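Take a look at the letters that make up each chain.
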Amino acid sequence: MSDGSPSGPQGPKSAYFLAHDDAATERRTLAVIVDNEPGVLARVVSLFSARGYNIDSLTVAEIDESQHRSRITIVTQGTPHILEQIEAQLLRLVPVAEVIDITKSKRGIERELALVKVAGTGEKRVEALRIAEIFRARVIDTTNESFIFELTGASDKLTQFIDLMRPLGLVEVSRTGVLSIKRGKEKG
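What counts and how
Residues numbered from 1 in each chain as written. Predicted model: local features only at pLDDT ≥ 70, side-chain atom pairs only at ≥ 80, totals over all residues. Heavy atoms only, no water. Axes fitted to C-alpha atoms, helices over the stretch in contact; angles between N-to-C directions. Helix = DSSP H or I, 4+ residues; strand = E, 2+ residues; numbered from the N terminus. Parallel < 35°, antiparallel > 145°, perpendicular 65-115°, else oblique. Contact = heavy atoms within 4.5 Å. Nonpolar A, V, L, I, M, F, W, Y, C, P; charged D, E, K, R; others polar. Pairing = 2+ DSSP bridges. Salt bridge = Lys/Arg side-chain N within 4 Å of Asp/Glu carboxyl O. Buried < 20%, exposed > 50% of the residue type's maximum accessible area, 1.4 Å probe, protein only.

Colleague: Give me the packing of helix α3 (residues 122–134) against helix α4 (residues 155–169): which residues, what numbers.
Modeller: Between α3 and α4, whose axes approach to 10 Å, the crossing angle comes to 170 degrees. Taken together, the axes of α3 and α4 are roughly antiparallel relative to one another. For the pair α3 and α4, the contacting residues are Lys124, Glu127, Ala128, Ile131 and Ala132 in the first and Phe161, Leu164, Met165, Pro167 and Leu168 in the second. Across the contact of α3 with α4, the residue classes break down as eight nonpolar, no polar and two charged.

In structure tokens form, the structure reads like this:
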């Protein structure tokens, strides 16, 4: 039983104790539009690590060369209070132009890319191909002993595919992390 202190029987929780531990944890996808300059990603990541927040997924790429803007997509978890703090603290960083909560929008779309290497022969090889067809995974490389599949979709779909490939000879997985965008004609 926890005494309300930062560490209990499960060990330390966070570098910063917050009394909002009772609230349910939520998963959020945040699109952070930043000036594309040296050190910006380090500052954003430092904000999370300094406060004991975890990043489940992180992707970053330049989105507007003429304005020198990049989009950092961050998937994180926390109580509603902590998630509000994260958004507010991100907006205080000088190179951050905008923070968009994709999760709160009904128009939000999230996708991820995975490359999955599976080794096997005989029936296991046939079964891997059958499952790949069901999941619409493309074979992008093949040898007599292995396949590399390319698969895009929601993170849960990728995880299910990977779990089904484990008994068939899963060798290696490479995932991009979550990308997000909103439907419709508006930016964001």
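On we go.
Colleague: How would you summarise the pairing of strand β9 (residues 146–153) if you had to cite specific residues and measurements?
Modeller: Bridging between strand β7 (residues 108–119) and β9 involves eight bridges; their strand directions are antiparallel. Of the residues in β9, the one forming a bridge with Leu113 is Thr152. Pairing between strand β8 (residues 138–142) and β9: four bridges, direction antiparallel. Bridged to Arg138 within β9 is Glu150. In this antiparallel pair of consecutive strands, β8 and β9, the connection spans three residues.

Colleague: So what's going on with the sheet that holds strand β6 (residues 96–101)? Residues and values would help.
Modeller: Read from one edge of the open sheet, four strands run β4-β5-β3-β6, paired in antiparallel fashion. Whereas interior strands pair on both sides, the edge strands pair on one side only; in this sheet they are β4 (55–64) and β6. Neighbour-to-neighbour, the strand axes of the sheet open up by a mean angle of 20 degrees, direction not taken into account. Summarising the sheet, β4 and strand β5 (residues 69–78) pair through eight bridges and their orientation is antiparallel. Counted as the bridge partner of Asp64 is Arg69 from β5. Each of β3 (26–35), β5 and β6 touches helix α2 (residues 80–92); the most contacted strand, β3, lies at about 5 degrees to it.

Colleague: Describe in detail the pattern of salt bridges, supporting the description with residues and values.
Modeller: The full count for this structure, using the stated rule, is nine salt bridges. With a shortest N-O distance of 3.1 Å, Arg27 and Glu110 are connected by a salt bridge. Linking Arg27 in strand β3 with Glu110 in strand β7, this pair joins segments that are 83 residues apart in sequence. On the basis of relative accessibility, which here comes to 36%, the residue Arg27 falls in the partly exposed class. Between Glu172 and Lys117 there is a salt bridge whose closest N-O contact spans 3.6 Å. With a gap of 55 residues between them, Glu172 in strand β10 (residues 170–175) and Lys117 in strand β7 connect regions that are remote in the sequence. We classify Lys117 as partly exposed; its relative accessible area is 29%.

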